[in-house]
Amino acid sequence: MKFGGTSLGKPHRMQEVANLITRDEEHKIVVLSALSGTTNALVEISESLASTDRSLAKQQIEALHTHYQNFVLELLSEEGSRKKATEILAEHFEFLTIILKISFSQALNRDILAQGELLSTKLFSIYLEELKVGHILLPALDFMTIDSNDEPQVGTIKVKLAQLLNKNKGTIIFITQGYISRNAKGEVDNLKRGGSDYSASLIAAAINATVCEIWTDIDGMHNNDPRVVEKTKAIEQLSFEEAAELAYFGAKILHPASIWPAQFFNVPVRLLNTLQPEAKGTLITEKAGSVGVKAVAAKDGITAIKIKSSRMLLAYGFLRKVFEVFEKHRTSIDMITTSEVAVSITIDDDVHLPEILKELEAFGTVEIDTNHTIVSIVGNEIAMTKDVMKKIFDALEPIPVRMVSYGGSRHNVSLLIARADKEVTLKLLNKGLFNL
Ligand code: ADP
Ligand code: ASP
Ligand code: MG
């Protein structure tokens, strides 16, 4: 059972989480994110430190400390547990204060980012003790490992976790941190923003869980982005493939990589709402449930790169050379379309863009379009469903579409549009495809 920041951000919400995990006697691992707002606050602290604005960092640390002191007073009622929690806060905020005096590095940044999950799990554990709920706190840093390519090491995680669970055989409830991990150098690292979903899925896969429950603030995967479109509805059932495409192409409810471990080890995933625990939510399994369009998602921050070259005409090996440039700079490609003399590619990470462009210029004329959005229309056998393309293009008549990707998978049609057109595109598709 994984609980996101919004399910923990207020003391009464954390109390509700305690109710949810003690409703039955089933053995469970409870994965917690940081309280909502904490990881963002830690990112800001790190940024202040990186820009050597220590007095701003100090203010930000103090504000966060006060927030947690108030949280503890509201969450806990016994003197003993309040004292324990205050000591935990003192320990973590002392660490944050010490960093004000040492020089900033990426390793330190990751240590700072880990504080949120360490705090939420320790405070929750004290709260459970106050309620006399038996449990064990498993440190994620003792089993969640990633390799030098930042890929989780499922085999190692499985072995380490099994050892830890074996040591505590009679225990029914285990609590652990989402998001944080240890990297190949043994340093504290993380699974990227929103990574607690990924932790939960990796853990569920590693222990061959009966189900992986992702508890959040909405009743499952909706057919469109509820932050943008007014009328959206929850989807009852999705296949792993459909859910993976939606997560990868921007449905924030799931971390982009969070589906593959569950899919690979065939563990069903349920998306559930802590605010409405009885709602059905979304079930994600091997089966898709139905054929046709299920949902639309959007991913921002996309850069399109076009390489035009007459040398591409009838040449073989051209694409390999282009792809090698991206491989060399460890930048993954999302969309690709080709004509006989040009190829367009999109990336979502432009850290290495200057080097990439420099190398691509050797192959022809290179143009870039920044600030674009990929809109993905996802559904089982969508490519084979009658009228889907017609409906999409009818709906999007007023929108200039920069790229179209169709047929790459049977479950996805992707369009590249300007970021400025995203809101209206999602709304038009909601009407055209779902009549909402
Ligand atoms: P948590 O803190 O539980 O991890 P997140 O904020 O990461 O929660 O994810 C839940 C949010 O994802 C929802 O509140 C909703 O605004 C957003 N969201 C974006 N797209 C979708 C979608 N297609 N279906 C459901 N929620 C979505
Ligand atoms: N706390 C982390 C974040 O805000 C991980 C998560 O919420 O899943 O990104
Ligand atoms: Mg999340």
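Going by the structure above, here's the rest.
Predicted model only: the values in this text are computed from it and were never measured. (Residues numbered from 1 in each chain as written. Chains lettered and ligands numbered in written order. Predicted model: local features only at pLDDT ≥ 70, side-chain atom pairs only at ≥ 80, totals over all residues. Heavy atoms only, no water.)

Engineer: Residue-level account of the site of ligand 1, with values.
Structural biologist: Taken together, 17 residues lie near ligand 1, and Gly 5, Thr 216, Asp 217, His 222 and Lys 252 sit nearest. In this structure, an oxygen atom belonging to ligand 1 sits 2.7 Å away from a side-chain N or O atom of Thr 216. Within the backbone of His 222, one N or O atom sits 2.8 Å away from a nitrogen atom of ligand 1. Protein coverage of the free-state accessible area of ligand 1, which is 570 Å², stands at 87%. Its residues placed into classes, the shell around ligand 1 shows five nonpolar, seven polar and five charged. (Near = heavy atom within 4 Å. Polar contact = N/O pair within 3.5 Å; in protein donor to acceptor, adjacent residues only side chain to side chain. Areas by Shrake-Rupley, 256 points an atom, 1.4 Å probe, with all protein chains shown as cover. Nonpolar A, V, L, I, M, F, W, Y, C, P; charged D, E, K, R; others polar.)

Engineer: Go over the site of ligand 2, please, and point to the residues and values.
Structural biologist: Ser 33, Ala 34, Thr 39, Glu 117, Tyr 179, Arg 193, Gly 194, Gly 195 and Ser 196 make up every residue found near ligand 2. Thr 39 is positioned with one of its side-chain polar atoms (N or O) 2.8 Å from a nitrogen atom of ligand 2. Ser 196 places a polar main-chain atom, nitrogen or oxygen, 3.0 Å from an oxygen atom of ligand 2. Here the residues of the shell around ligand 2 are counted per class, giving two nonpolar, five polar and two charged.

Engineer: Residues and numbers for unusual backbone geometry, please.
Structural biologist: For Asp 150, which is not glycine, the phi torsion reads 65 degrees and is therefore positive. Structurally, Asp 150 can be placed in the loop between β3 (136–138) and α7 (154–167). Phi is positive for Tyr 179, which is not a glycine, with a value near 75 degrees. Inspection of the secondary structure puts Tyr 179 in the loop between β4 (173–177) and β5 (180–182). Using a relative accessible area of 3% as the deciding quantity, one classes Tyr 179 as buried. (Helix = DSSP H or I, 4+ residues; strand = E, 2+ residues; numbered from the N terminus. Buried < 20%, exposed > 50% of the residue type's maximum accessible area, 1.4 Å probe, protein only.)

Engineer: Please provide a residue-by-residue account of the sheet that holds β3, values included.
Structural biologist: The eight strands lie next to each other as β3-β4-β2-β1-β7-β9-β10-β8, forming an open sheet whose pairing is mixed. Since the sheet does not close on itself, it has two edges, and those belong to β3 and β8 (237–239), each with one partner. Here β8 pairs with strand β10 (residues 282–285) via three bridges, running parallel. Residue pairing across strands places Leu 238 opposite Ile 284, the latter belonging to β10. (Pairing = 2+ DSSP bridges.)

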